Amino acid sequence: MIPRITFVLVSYGGRELVVRCLELLAKHTTAPYRVIVADSASPDGTGEWLAENLTGATVLRMPENLGFGAGCNLAVRHADTELLCFLNADIEVTDGWLEPLLAFLDARPSVAAVSPVLLNPDGSVQEAGSVIGGDGWCRAVDFGPLFTREVDYASAACLVVRRAAFLEVGGFSPEYEIAYFEDVDLMMSLRAHGWQTWLEPASQVVHQRHGSSSSARATELMRLNHGTFTRRWSLDDRVPLVELDEHPYRKWWLRDHLAPYRVLLIDDRVPQPDRGRGDGRTMAVVNAWREADPRARVTFFAVSSERAEQVAPALAARGIEVVWGVEDPARWSVERAGLYDVVVVFRPHNFIGYGEPIARAQPQAVKVYDAEALFHRRPEQHFGTATDARERRAWAVQADVLRQQEVDAFSWADVAVCVSEEEAHWARRVAPDSRVHVACYPAAVPASVPGFEARRDIVFFGGFDSTPRTPNEFAVLELADEVLPPLRERHADLRLRVVGADPSPAVLALDGSSIEVVGKVPDPRPLLESALLHVVPMRYGAGVKIKFVDSMAAGLPFVTTPVGGEGLHLGWTARHLVGASSVEIVELCHRLLTDSVLWAEVQQGLLEICRTYFSPGEFRRSMRDVLAACAVSPGVG
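What comes next is a walk through the structure. Owing to the predicted nature of the structure, the values given are computational and were not obtained by experimental measurement.

Rules and cut-offs
Residues numbered from 1 in each chain as written. Predicted model: local features only at pLDDT ≥ 70, side-chain atom pairs only at ≥ 80, totals over all residues. Heavy atoms only, no water. Helix = DSSP H or I, 4+ residues; strand = E, 2+ residues; numbered from the N terminus. Buried < 20%, exposed > 50% of the residue type's maximum accessible area, 1.4 Å probe, protein only. Contact = heavy atoms within 4.5 Å. Areas by Shrake-Rupley, 256 points an atom, 1.4 Å probe, with all protein chains shown as cover. Lys, Arg positive; Asp, Glu negative; His and termini not counted. Charge placed at Lys NZ, Arg CZ, Asp CG, Glu CD. Pairing = 2+ DSSP bridges. Axes fitted to C-alpha atoms, helices over the stretch in contact; angles between N-to-C directions. Parallel < 35°, antiparallel > 145°, perpendicular 65-115°, else oblique. Nonpolar A, V, L, I, M, F, W, Y, C, P; charged D, E, K, R; others polar. Right-handed = clockwise from strand over helix to strand, strands pointing away. Polar contact = N/O pair within 3.5 Å; in protein donor to acceptor, adjacent residues only side chain to side chain.

### Overview of the overall build of the protein
- The helix and strand tally for the protein stands at 23 helices and 24 strands.
- Its C-alpha atoms give the protein principal-axis dimensions of roughly 95 × 50 × 40 Å.
- With 637 residues in all, the protein has 57% of them scored as buried.
- Look at the contacts in the protein between residues 6 or more apart in sequence, and 73% of them connect residues 24 or more apart.
- A total accessible area of about 25700 Å² is found for the protein, and carbon and sulfur atoms account for 51% of it.
- The averaged location of the 84 negative side-chain charges in the protein is 3 Å from the averaged location of its 64 positive side-chain charges.

Here it is as structure tokens:
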């Protein structure tokens with residue numbers, strides 16, 4: 001196989017470091033490659049030794065010490081591969097380090113250079129890209145979460161670059177002496193020519209830091225070239241690095257200033273795609289902000305640390321900064337004061353505890369409240385069914401508190417988002433000055449779905465949160481106690497599968513001969529596509545129930561209550577799917593289980609509803625309107 005990449009090293013002494021670097025390169029690099037070492041007149045005989053003993057590599061010897069930039073330029077003149085990797089001798093590569101960098105460049109033709117994370121020998125972060133201050137000095141980003149992002153500058157200690165881009169900008173500038181700032185200058189030149197430089201945290205290498213020279217000598221060389229750098233480049237649009245720690249908002253601004261916009265999203269937890277309870281829709285909204293422009297800074301602030309370490313890496317790999325475990329949200333926001341262009345808050349309790357305090361330090365931001373549902377309706381529904389006077393008073397108080405929180409949240413927002421026109425109508429009435437939009441949830445309909453004969457049994461799908469008295473627990477208990485027994489009298493072999501994350505003890509206790517409590521699954525679609533009917537006698541809830549949109553997309557008819565059917569645009573199918581009582585639900589289920597023609601008609605009707613109202617294209621259109629209302633141009637990436 002013809003190599004795609006040439007590794008370029010410049011040596012000035014340090015023979016052992018060069019040999020060790022190349023040994024690790026051979027051990028941990030599976031792709032074919034070439035190596036060119038340019039020796040800058042090493043005074044200790046390193047050049048002679050490498051020329052005589054280094055096999056499988058090209059060794060170039062300069063007549064005098066011309067420095068890092070000149071040595072790299074000389075080596076590149078002898079390279080013929082698509083990619084270059086500049087590599088310091090004090091870099092120790094690790095297993096699987098190169099593949100993520102190659103894959104990154106393959107996926108992003110506008111990116112000229114990509115860097116791994118540089119680690120200290122103890123495993124701590126040494127550099128995850130760097131920032132360039134208005135005073136011309138640089139600082140390594142060793143703070144904040146690791147995530148894929150565009151960077152101001154990445155060290156050429158280990159940097160993969162497209163050879164065509166490197167040649168386009170003329171390589172490393174010859175104006176610099178010996179070492180330092182040539183790579184900073186290169187990043188500026190690449191950007192001036194329309195190229196980008198990114199960090200890919202999926203790749204990590206160890207940097208011994210100045211392994212071939214003393215720290216004192218490194219400082220001297222940096223100061224020597226600092227004046228050259230500031231003469232070559234105008235940095236008036238940047239804040240200086242002085243007092244960066246005393247004014248932390250400066251470091252965040254420098255880190256993120258290349259982003260065309262910066263959006264902060266605040267919700268209960270990092271979205272978990274393998275569970276229900278709104279996580280799927282939250283993830284869809286995050287995706288909409290992420291996909292509008294890959295260079296934008298999207299920060300997800302999770303109130304809870306629930307499973308954050310497990311699910312955050314997938315978001316970080318897509319360029320989303322994920323933050324959790326913040327004890328003082330107001331102080332956190334002050335440290336990033338003035339950073340965000342948009343602040344999005346999901347759900348009323350997050351608005352009260354986090355959104356409002358955080359937004360005070362972001363007065364420039366467009367404020368967005370994403371309702372997900374009108375939560376005050378749930379205690380109102382409990383109030384309507386409770387018989388105990390004390391319990392009714394408790395539900396009434398809770399409803400009043402939530403209703404006022406939601407009024408405050410909608411009134412606070414410049415832009416609001418609801419999941420249905422019915423709820424948007426209420427929001428417009430209580431907050432007439434807020435621009436209210438509707439954006440529900442995307443569900444893609446496959447080219448084909450199984451029909452009646454390929455399915456069997458019934459399914460319940462929804463998350464539980466491991467706690468009692470959730471709407472889904474009430475629904476599944478009613479299904480097990482009041483719906484399934486009379487159905488089994490007519491359909492003796494009928495079984496129920498209960499699918500959803502974190503089933504409560506009461507739900508787990510249902511597991512038996514006729515009920516299988518499956519719990520959490522990585523992807524519910526296979527179970528939805530194999531079931532004959534999805535049954536959820538939901539008495540409490542608000543907003544559009546995403547579980548039913550997923551059911552539609554899987555071609556699975558469902559039977560539910562008027563609460564469950566809200567906002568689903570059911571039209572004529574409602575008379576076959578919505579029952580007010582358990583008795584009505586049993587009859588609707590029985591008819592669909594026995595009438596294959598009716599079942600097929602309902603399936604096709606639901607598929608058409610899904611294509612019309614809940615398609616990915618419709619959701620993108622709705623979110624484009626939301627982004628436009630926030631003064632963000634969607635789809636510019």
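### Comments concerning the sheet that holds strand β21 (residues 496–499)
- One open sheet accounts for five strands, arranged β22-β21-β20-β23-β24; its pairing is parallel. Looking at the sheet topology across the chains shown, the edges are occupied by β22 (515–519) and β24 (558–560). The mean inter-strand angle of the sheet, taken between neighbouring strand axes irrespective of direction, is 25°.
- Note that β21 and β22 share four bridges and pair parallel. When the bridges of β22 are listed, V498 appears paired with V517.
- The sheet strands contacting helix α16 (residues 471–490) are β20 (458–461), β21, β22 and β23 (533–536), and the helix crosses β20 at an angle near 160°.

### Structural notes on the packing of helix α21 (residues 582–594) against helix α22 (residues 596–613)
- At a minimum axis separation of 5 Å, α21 and α22 run at an interaxial angle of 100°. Between α21 and α22, the angle is such that the two are roughly perpendicular. The segment α21 lies against α22, with R591, L592 and T594 engaging S596, L598, W599 and V602.
- Each residue belonging to the contact of α21 with α22 can be placed in one class, and the counts come to four nonpolar, two polar and one charged.

### Here we look at the pairing of strand β3 (residues 58–61)
- Relative to β3, strand β2 (residues 33–39) is paired through four bridges, and the arrangement is parallel. Across the sheet, residue I36 finds its bridge partner in β3, namely T58.
- Once you follow β2 into helix α2 (residues 46–53) and on to β3, the crossover reads as right-handed.

### Points about the sheet that holds strand β17 (residues 366–370)
- One open sheet holds the seven strands; their spatial order is β15-β14-β13-β16-β17-β18-β19, and the pairing between them is parallel. Across the chains shown, the open sheet's two edge strands, defined by having one partner strand only, are β15 (320–324) and β19 (435–438). Direction aside, neighbouring strands of the sheet carry axes that sit 20° apart on average.
- Relative to the sheet, helix α14 (residues 389–412) contacts β16 (342–346), β17 and β18 (415–418), its axis offset from that of β17 by approximately 145°.

### Focus: the side chain of H28
- Position of H28 relative to the elements: it lies in helix α1 (residues 15–28).
- At 3.3 Å, the side chain of H28 forms a polar contact with the backbone nitrogen of D95.
- Contacts of H28, omitting those with residues within four sequence positions, involve V93, T94, D95, G96 and W97.

### Considering the pairing of β17
- In terms of burial, β17 is largely enclosed, as four of its five residues are buried.
- Across five bridges, β16 lies against β17 in parallel orientation. Counterpart to V342 in the pairing with β17 is V366.
- For the crossover from β16 across helix α12 (residues 348–360) to β17, the handedness is right-handed.
- Bridging between β17 and β18 involves three bridges; their strand directions are parallel. Residue pairing in the sheet places V368 in a bridge with V415 of β18.

### Describing unusual backbone geometry
- For A41, which is not glycine, the phi dihedral falls at a positive 55°.
- Looking at the secondary structure, you find A41 in the loop between β2 and α2.
- One non-glycine residue with positive phi stands out, namely H569, at about 55°.
- Counting through the fold element by element, H569 comes out in the loop between β24 and α20 (574–577).

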